[in-house]
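# Coordinate inspection notes
Spelled out from the first residue to the last, the chains are:
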Amino acid sequence: MKITDLNIEGFGVWHNLNLPDISPRLTAFYGANEAGKTTLMQFVRAILYGMSPERRERYLPPQEGGRPGGSLTLADSQQHFCVNRIAAQDLGDLGRVTISWPDRQDSGAPVAGDRLLREALGEVDESTFSNLFAIGLGEIQRLATLSGTQAAQALYRLTSGLDRVSLYDVIQGLRQTRTQLIQEIGLHAEGQAEAPSGQPAPRAVPEPGQAAFFGASRGPARGGQTPRDATILQDSLCQGLVLQRDRLRGRIDALKEQNRQWSQWAVRFEEFDRRMEEIETQVDERQHAARTIEIAVGLKSNWRRRSKLTGLIQQLGGGTPLPEDAIERLETLQEKKAGHQRKADILQGQRHQLRDEVERLGVNELMVQNACRIDALGEQRDWLQALERQTERLAAEAEETAERLASEQTRLSSSLGLSSHSGALREISEGDLKSLRPLVQALQETERCVDQAQEELVALSQNEQSLQLKLESASSRGEQHGLPMDVQEASNLVANLRKRLQVEQRIEQAQAHALEMESQSHELLNEQIMPLWLFGLLLTVFVLGALMVGLWLLVPSAPLGSMGGLLALLGVGGAGFSWMFKFFAEDAAADRLDACHRQIELADKQLQESRREKEHLDGELAMVDGSVVLRLQAAERHLAALENLLPVETERKVALHETTGARQRLQVAQEKQNRTLADWKTRLVALGLPTELDYRLLTKVTDRYGKLSNLEQQVQARLKEVEDRRREHDALTRRIRAIAEEVGCVLEEARDGQPVGREEGSENPDTAQASALDQLDHLLSERRKQFSRVEQRKKLREQAKSLKAEEGRHRRAVAGLNRRLAALWESAECEDETAYRARFEQQRKVARHRKQRKVVSREIAAAIGQHEPEETFTRLLRPQTIDRLETLWEEATAKLEASQQELKKLAGQRGEMKQKLSALAEDRALAEAILDLDGVQQQLSAAQDRWREYATVSRMLERIRDEYEAHRQPEALHEASTLLGRMTAGKYQRIWTPLANDILLVETASGQSLPIEALSRGTREQLLLSVRLALVTLMARRGVKLPMVLDDVLVNFDAVRARQAAEVLLEFAAAGHQVLLFTCHEHVWQMFRELKADCRRLPRRAGAQDPEENPALAPVPESEPAAAGATEVAPLPSPPPRPKKKKKRQKKSPPPQPPTTRMPEPLQSESPPLKPAATEPAASEPVVPEPVVIEATVPANEFSYDWAYHLTSRGESDRSAGPEDEHVLAYVLSGEVAEESTKPRRA
Amino acid sequence: MSQQTSRTPIRFVHASDLHLERPLGGVSEVPGHLRELFLEAPYLAAQQVFETVLSEGADALLLAGDVVDVELAGPRAVLFLIEQFKRLADHHIPVYWSGGHTDQTTEWPAHARLPENVTRFPTAHVESISCQRDQEPIACIQGISRGPNRPLQDRSPEDGTLDDSQFRRDAHGLFTVGVSYGTDVATGTEGDRVHYMALGGRHRRQTVDQSPGLAHYCGTPQGRTPDESGPHGCTIVRVDESGHVKTRFAATDAVRWLTETIEITAGTDAAGLLDQILQRTGRLSEKHAGPELLISWRILGQGPLIYQLHPGGLADRLLEQVRQQQQQQGMKAWSVAIDCDAPLEVPAQWHDQETILGDLLRQIGQLETNPEIPLKLADFLPEALREIYGAESEHADGGLPETNPLAQLVTIENPLQRQTLLREAAKLGIDLITVEEPRS
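Just so it is clear, the structure is predicted and the values come from calculations on it, not from any experiment.

Scanning chain B from terminus to terminus reveals eleven helices and 15 strands. Per-residue burial for chain B yields a buried fraction of 56% across its 440 residues. Long-range pairs, those at least 24 residues apart, make up 65% of the contacts in chain B between residues at least 6 apart in sequence. In the form shown here, chain B has an accessible surface area of approximately 18,400 Å², with 48% of it arising from carbon and sulfur atoms.

Written out as structure tokens, the structure reads:
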């Protein structure tokens, strides 16, 4: 498949780029750095394999717009179609592919789908394409960073085709994991070997699957394990897991043993139970016996006491028994007798007291007889009291009226405004009042006029003052700014300031104009001097003209021939024009300069005139400093304020005039008022009234003078009534005193020491009158007392009579009780009460003893309880044994204690046993161990499965590696050897690889094998290029033909090698491989151009072309493809300038001689190209001992293979390695046997 | 069933394989929050069996072997059983216990006396006991215990064989129940001698004979490993008046293992599969309310996920995500594993690729189609081990001698194992190579 056309609609920096007719062989693209070469290469990949997310992120959306994507036109020997891929917005979209056929007329619409594209790619995935068919700067640089060994390994893997998935790393990882797993399993042998010997053996019958396996590892490890094995096995990552499993098994066995022990303990526990039951029975019996004795000991005192009480009862028994209440009945009779006797005595005493009380009551017999008279006087008592009250009331009224008369006179004087000492206040008549009334009215009128004039004067004065204040405030503001207070002056000031401002502006304009004119004059002055070039031109024209004329004149036979005259005329014209042009130009410049000077002078005059005017104005305005504009603004504001004050001044003047008029009117009114007052006082003097009398009060008091005479008459009438009432009161008092003396009931005490309070504060105390009323009350009260005493004497006499009868009844009851007591003594066979009481006391003692004996018996029964029958204690408490009870009790206690100690000991042992049994019963350790063991075994089983999987994958990958190394690598090495020899002009002729090493060696023409690290950087890159070209060749042989993209791969080649590499590439392309080569070095591009390759320059971005010729889109005709192997090396062009760094490397002294190895030459006698060097050591060249520098970092294989099946590949299923491929030592390739050496042999 | 006379309705509870000595297992790592349940689940399930007996008002409990291995279970199980038997004794419910491999009569500790209501059958002969209710016989219980422990398939003549030929229906027409740990008769004739044969020894519930008598394995009350998926419990046997036997399953498991299959399509990615698993988990949680669910996911179908899901790769990562999501969403379920045993189907063009991947796939195909090609895994043993065992003569196919126990590791036992190994190896190879591809 080859690319014929490339069209980018939008991708990265490219937009609408079209590269048509790309050569099917080699096309060299030149572009400077950042010209878009890598973008172009990525575009090719994107069209072929889709817009991956990484490409989208870097190249999409297009910087210059356009649809994201483009098309490639592909062609091979069978078909020719165009692949168009446009990316959608979706990040996961690889782009929609459409296929069209440009050659077909009836192709119709493009067909969606990438089937054709995939077929064309030959099932080569993108990673293979990127690794095989593209060599970029990145790879070159990566190769440079590798160490020698790493570079050798990388190139080795490249030759074997195993670099694409880093199969070596995968195999290494698999091997490491696998080794860890098997070590983990194998370590079991180690763990078992080191397990303590005391551990019980695992289960007799191991679990299926695990059992045989572990048993196997156990057997040999115990017997024949070497230290080396132990070293390997100890590195296991899962060592802990296996040890854990072993520990768990041991623990499970131990726990099982523990369970068996539990059964034994349980049997022992039952024995403990039985023994304890026996001991407990014994303890109970001994405890019972000891308790019996203990109770008997406790009963000793009560037992003896009961015996003693029994004896006493028997001793005191006998005689007539008395009833229980004998004493109570005796005492009841005695109490009744004493009660009756006491009541009789009390009644007698009460009767004597009543008799004495009657005698103490005093009764006045005279009072009883005159009772009617006293009652009659008592009826006069109210009248006597009324007389006393009337006398007091009338006296008080008289006194009050006199006081009112005095106060009325005083008040009238004060009302008239008279002093208190003018007591001669006489009555004013009505006529006097009438004569005074006109004067009063006149006074009131004048007073009103004066008040009115005063109010008017005050109002006008306030108005005038407010206006005056306004004017003063305005003037004070103006004075603060130094402005005139006159409106005219202020307006003049404003006008001057404005004028001053205009003058300043004129000065500035004149100065600016003068400056402008001055600069213009300078320019004009410069213009007067003609520029040198113009002068030279004019001079040249003039000289040429003169020459032409001179030539025409002096050399008539000039070569110009007949044109000489015309030329001479032209020369005259030119000379004249030059002179005229110079004259007019200088004249015009002089005129403009003069005009300019005149204007400058005019401007100076104007400036001076303005300055003078300014000085004049400054003198007028006393301008010292400050802004004229600000001052003008202040003056304008002040002028406006003054103009606003003009009507106020007018108002102030009017107000001042009115105030003066009002003051005059007030003065006239006051004079009139003074005159009227003088008339008023004259009239008062004439009427005899005080002059200070106020005319305003006179009218108000004239009606009060009539009341004073009426009050004087009322005082006299009240004093007369008081005298009449006092006479009636004295007559009644005399009658009362007479009766009191008659009955002997004069109230002397009242008269001496107890005066009546009411009379005490009076002005005229009347003791007789007061005593009369008290005497009357005393008589009446005495009369009521005598009547009550008579009634009480009658009641007392009746009461004494009833008391005497009661006393008689009690005396009879006492006699009856005496008779009953005598009968009681007789019935008890006693002589008197004392004997009776002694007999009763003896009977009580016997009863008390019986009660005590009962209590003691109850205590004894309680102490015995249900323990034993009382007979048992009767035996124990016999007199013979009662004193030995303590000894018996101590013996029984000792036996009991011994039994209890034994029981306690057994209980402790049983408790311990029970605790152990309980702990075992609750223990889940065994279940947990089984659970853990199951988990560990599951993990081990999983590890086993994993190891099988890893081993199987390893098996297959090792097989693939072997296949690649056996079948693909030798062919690739052969091709690469040829290409490298071409590129290095035969210096290096062979690439080969030693057995069991994944490195390459390069053999020089002299047969010396060099390792990769001995090669220079450029040679390494040539080696890399050779290998890549060889691999592409091999792929082509398998039917996969894809374009190859090379990006600046020749950058580190010297000129000769670069030329040779270019030729190799051209030959390679001529063999049918399309190569797209990008370079940023123009000499490389030129070199390909010289070799007639298709060379193009990449256009500038966004489609702009180079200013120079643009050969980019025009393919350079290429030379005919040279036949493979017949290419002649063209003469080397001169080497382009190379970087100094490169020169240094070129000049470098010969590299340090690397340790080299001379590998055995192939046997001349044997045709197969692959020689089993190891099997034919004698026939080879003297072999240098083992190449010490070629160290195998990765062994080729872990073991030798004996495949029973063969790896088949697409289209090569019949290819297989022969039995001779085993144990390959080296693939020895040479150019001579290249054609036969496609199959390697294993020695 | 020949006598269709009117009988008293009877009800038994049939249980076996309690295996109190065996906690749950079958997983590499037990999560911390489930460890307690893994340990306690056998006891919880057994207790649920006894609760079922009491709640159902059963006339008897039939234990058909493998109740407990006293040596492994320890005193806890002994005390637990005695306590539960006493509970039944308080309700006058007899227990008929036929010994299996693990619960030999002789293994029971002598000091741990069983309550009076427990009857253990002898190993020498079939013992017949009358089951009574209110002093009236209602059924005849016959049983025998298995002899010394030896797996059934490994029995030899000198072992205590199970002579179950003495099972006979009651001569008086009583309903006859046989209790035994498996039988020695031919498959399908286990129920020929009695009305109901209560069998033990199989962990999965199964009825092996229907006529003339019913022979039934009730299964274990609690599944132990992911292989024992689905509900487990005991069987309630009801005999009606006419002598018809009906069995009913009663779930007793505290932890339920489930194996769920999810079919995916070519367009399913990991996130989609995660969603499907979570949705299915939600439905399962609703369906199996009660026990804790331990779910193993089996992925079938087609698409790139089929060759990406393998242990140590995407399967483990996805499993971790599933567990996290289930825990975050508070589901009463835990995922045990995600297995993908679907046939490996990769894009057809991969086989044709001129790449290492293409070579790998072609090799896989060749090894699959030619089972006679040996894998020779012994070659990959470490050199030290190979040296240790290398002295012995090698096998004809180049591997280790068959007598060498290491062959257990490196020998492929059957074609299925080989097929599985190749499939998983192919997934691993694709994963390793595909991961490396962007670098190249």
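Still more to cover.
Looking only at helices and strands, chain A features 31 helices and 15 strands. Across the 1243 residues in chain A, those meeting the buried criterion constitute 41%. Looking at chain A alone, contacts between residues at least 24 apart form 79% of all its contacts between residues at least 6 apart.

Below, the discussion takes up the nonpolar core. Counting residues in hydrophobic clusters, the biggest one holds 98 residues, and the most contacted among them are Leu48(A) and Phe1088(A). Considering each element in turn, this core owes the most residues, ten residues, to helix H28 (residues 1017-1037) of chain A. Not counting the four nearest positions on each side in its chain, Leu48(A) is found in contact with Met1(A), Leu72(A), Leu74(A), Arg85(A), Leu117(A), Leu121(A) and Phe129(A). The next biggest cluster of nonpolar side chains, apart from the first, holds 46 residues, and it includes Ala58(B), Ile82(B), Phe85(B) and Trp108(B).

Residue and element names in this part refer to chain A. By secondary structure assignment, the location of Lys 37 is in helix H1 (residues 37-49). Within the structure, Lys 37 has its side chain in polar contact with the backbone oxygen of Gly 31 (distance 3.2 Å). With near-sequence residues (within four places) excluded, Lys 37 lies in contact with Gly 31, Ala 32, Asp 1047, Phe 1078, Thr 1079, Cys 1080 and Leu 1098.

Residues and elements named next belong to chain B. Counting buried residues in strand S14 (residues 292-301) gives eight out of ten residues, a clear majority hidden from the surface. Between the parallel pair strand S13 (residues 255-264) and S14, the chain is carried across by helix H4 (residues 270-287), and the sense of this crossover is right-handed. Of the pairings in the sheet, the one linking S14 to strand S15 (residues 333-339) comprises six bridges and is parallel in character. If you follow Ile 295 over to S15, its bridge partner there is Ser 335.

To continue, consider a nonpolar patch on the surface. Residues and elements named next belong to chain A. Residues Leu 532, Phe 535, Leu 539, Phe 542, Val 543, Leu 544 and Leu 547 make up a contiguous nonpolar surface patch of about 670 Å² in total accessible area. Among the structural elements, Leu 544 can be located in helix H17 (residues 532-554). Here Leu 544 falls in the partly exposed class, since its relative accessible area comes to 43%.

Covalent bonding between the sulfur atoms of two cysteines is what defines a disulfide. All told, the structure shown has zero disulfides over all chains when counted by the stated rule. Sulfur of Cys140(B): no disulfide; nearest cysteine sulfur belongs to Cys131(B) and is 9.7 Å away.

We now examine the sheet that holds S13(B). Residue and element names in this part refer to chain B. One open sheet accounts for three strands, arranged S13-S14-S15; its pairing is parallel. In this open sheet, the two edge strands, each paired with only one partner strand, are S13 and S15. Across the sheet, the mean angle from the axis of one strand to that of its neighbour is 25°, orientation sign disregarded. Here S13 pairs with S14 via ten bridges, running parallel. Along S14, the bridge assignment pairs Val 255 with Glu 292. Each of S13, S14 and S15 touches helix H1 (residues 32-56); the most contacted strand, S14, lies at about 105° to it. Of the strands in this sheet, S13, S14 and S15 are in contact with H4, which crosses S13 at around 140°.

All names here are of chain B. Chain-level statistics for chain B give a pLDDT mean of 83 and a share of 88% at 70 or above. Counted against residues more than four places away or in other chains, residues 389-398, with its pLDDT under 50, gives 16 contacts. pLDDT under 50 marks residues 436-440. Its contacts with residues more than four places away, or in other chains, come to twelve contacts. ipTM for the predicted complex: 0.87, alongside a pTM of 0.51.

Once that is clear, we can look at the packing of aromatic side chains. Remark: the centre distance and the inter-plane angle together describe each pair of aromatic rings, the angle taken between the planes. Within this structure, the stated rule accounts for 14 aromatic pairs over all chains. Ring pairing ties together the aromatic residues Phe50(B), Phe85(B), Trp97(B) and Trp108(B), which thus form one cluster. The positively charged end of Lys916(A) is found above the aromatic ring belonging to Trp265(A), 5.0 Å away from the centroid. Sitting above the plane of the Tyr43(B) ring, Arg76(B) keeps its charged end 4.1 Å from the centroid.

All names here are of chain A. One open sheet holds the five strands; their spatial order is S8-S12-S13-S3-S14, and the pairing between them is parallel. Looking along the sheet, the strands with just one partner apiece sit at the ends: strand S8 (134-135) and strand S14 (1094-1097). In this structure, strand S3 (residues 26-30) lies alongside S14, joined through four bridges in parallel fashion. Considered in S14, the bridge of Phe 29 is made with Arg 1096.

This part is about helix H30 (residues 1082-1090) of chain A. Quick reminder: α-helices carry 3.6 residues per turn. Residues three or four places apart thus point the same way. All names here are of chain A. Restricting attention to buried positions, one finds in H30 the residues Val 1084, Trp 1085, Met 1087 and Phe 1088. Buried residues along H30 cover an arc of 155° about the axis, so they all sit on one side. In this structure, the buried side of H30 is in contact with S3, helix H29 (1055-1070), strand S13 (1075-1079) and S14.

A cis amide bond links Leu60(A) with the next residue in sequence, Pro61(A), at an omega value of -5°. With respect to the helices, strands and loops of the structure, Pro61(A) is situated in the loop between helix H2 (53-59) and strand S4 (69-75). With an omega of 0°, the peptide bond between Ser211(B) and Pro212(B) qualifies as cis. Tracing the chain through its elements places Pro212(B) in the loop between strand S9 (206-209) and strand S10 (214-217). Even without a glycine there, the phi angle at His92(B) is positive, about 60°. Exposure remark for His92(B): the relative accessible area of 71% places this residue in the exposed category. A positive phi is found at Asp134(B), a non-glycine position, where the angle reads about 55°. Relative to the helices and strands, Asp134(B) is located in the loop between strand S5 (127-133) and strand S6 (136-143).

Residue and element names in this part refer to chain A. Summarising the element assignment, Arg 506 is placed in helix H16 (residues 487-527). Its relative accessible area of 36% is what places Arg 506 among the partly exposed residues. Setting aside its immediate chain neighbours within four residues, Arg 506 contacts Ser 610 and Glu 613.

Another aspect to go through is the confidence of the model for chain A. All names here are of chain A. Per-residue confidence for chain A gives a mean pLDDT of 73; residues scoring 70 or more make up 74%. Confidence drops under a pLDDT of 50 for residues 184-238, and excluding neighbours within four residues, the segment shows 75 contacts in the predicted structure. For residues 755-770, every residue scores under 50 in pLDDT, and the model assigns this stretch 14 contacts once sequence neighbours within four places are set aside.

Right, let's get into a negative patch on the surface. Residues Glu277(A), Glu280(A), Asp284(A) and Glu285(A) make up a contiguous surface patch of negative charge. Inspection of the secondary structure puts Glu285(A) in helix H10 (residues 239-316).

Geometry of a packed helix pair, given as the angle between the helix axes and the separation of the axes. All names here are of chain A. Where H17 contacts helix H18 (residues 564-621), the two axes come as close as 7 Å, and the packing angle between them is 150°. Considering their axes alone, H17 and H18 lie roughly antiparallel with respect to each other. The interaxial crossing formed by H17 with H18 has left-handed handedness. Judged by residue contacts, Leu 534, Phe 535, Leu 538, Val 541, Phe 542, Gly 545, Met 548, Val 549 and Trp 552 of H17 engage Gly 564, Gly 565, Leu 567, Ala 568, Gly 571, Val 572, Gly 574, Ala 575, Ser 578, Phe 581 and Lys 582 from H18. Here the residues of the contact of H17 with H18 sort into 13 nonpolar, six polar and one charged.

Residue and element names in this part refer to chain A. Along helix H27 (residues 925-983), the largest kink reaches about 40° and is centred on Arg 968; proline Pro 970 follows within four residues of it. For H27, a buried count of 47 out of 59 residues is recorded, marking the element as mostly surrounded by other parts of the structure. Looking one or two residues past H27, Ala 985 carries a phi angle of roughly 55°, positive in sign.

Residue and element names in this part refer to chain B. For Ser 180, the location among the structural elements is in strand S7 (residues 175-180). Its relative accessible area of 0% is what places Ser 180 among the buried residues. Of note is the side chain of Ser 180, whose polar atom sits 2.5 Å from the backbone oxygen of Gly 182. Sequence-distant contacts of Ser 180, that is, excluding residues within four places in its chain, are made with Ala 64, Ser 98, Ile 144, Leu 162, Phe 167, Met 197, Ala 198, Leu 199 and Gly 200.

What counts as what
- Residues numbered from 1 in each chain as written.
- Chains lettered and ligands numbered in written order.
- Predicted model: local features only at pLDDT ≥ 70, side-chain atom pairs only at ≥ 80, totals over all residues.
- Heavy atoms only, no water.
- Helix = DSSP H or I, 4+ residues; strand = E, 2+ residues; numbered from the N terminus.
- Buried < 20%, exposed > 50% of the residue type's maximum accessible area, 1.4 Å probe, protein only.
- Contact = heavy atoms within 4.5 Å.
- Areas by Shrake-Rupley, 256 points an atom, 1.4 Å probe, with all protein chains shown as cover.
- Core = buried A, V, L, I, M, F, W, Y, C linked by side-chain atoms within 4.5 Å.
- Polar contact = N/O pair within 3.5 Å; in protein donor to acceptor, adjacent residues only side chain to side chain.
- Right-handed = clockwise from strand over helix to strand, strands pointing away.
- Pairing = 2+ DSSP bridges.
- Patch = residues over 30% accessible without salt bridge, like charges linked within 9 Å, V, L, I, M, F, W, Y side chains within 5 Å.
- Salt bridge = Lys/Arg side-chain N within 4 Å of Asp/Glu carboxyl O.
- Disulfide = S-S within 2.5 Å.
- Axes fitted to C-alpha atoms, helices over the stretch in contact; angles between N-to-C directions.
- pLDDT = per-residue confidence, 0-100.
- Phe/Tyr/Trp six-rings, centres within 6.5 Å; stacked < 30°, edge-to-face > 60°.
- Lys NZ or Arg CZ within 6 Å of the ring centre and 35° of its normal.
- Arc of directions from axis to C-beta.
- Lys, Arg positive; Asp, Glu negative; His and termini not counted.
- Charge placed at Lys NZ, Arg CZ, Asp CG, Glu CD.
- Parallel < 35°, antiparallel > 145°, perpendicular 65-115°, else oblique.
- Left-handed = near helix turned anticlockwise from the far one by under 90°.
- Nonpolar A, V, L, I, M, F, W, Y, C, P; charged D, E, K, R; others polar.
- Bend = angle between axes of the 7 residues up to and from the residue.

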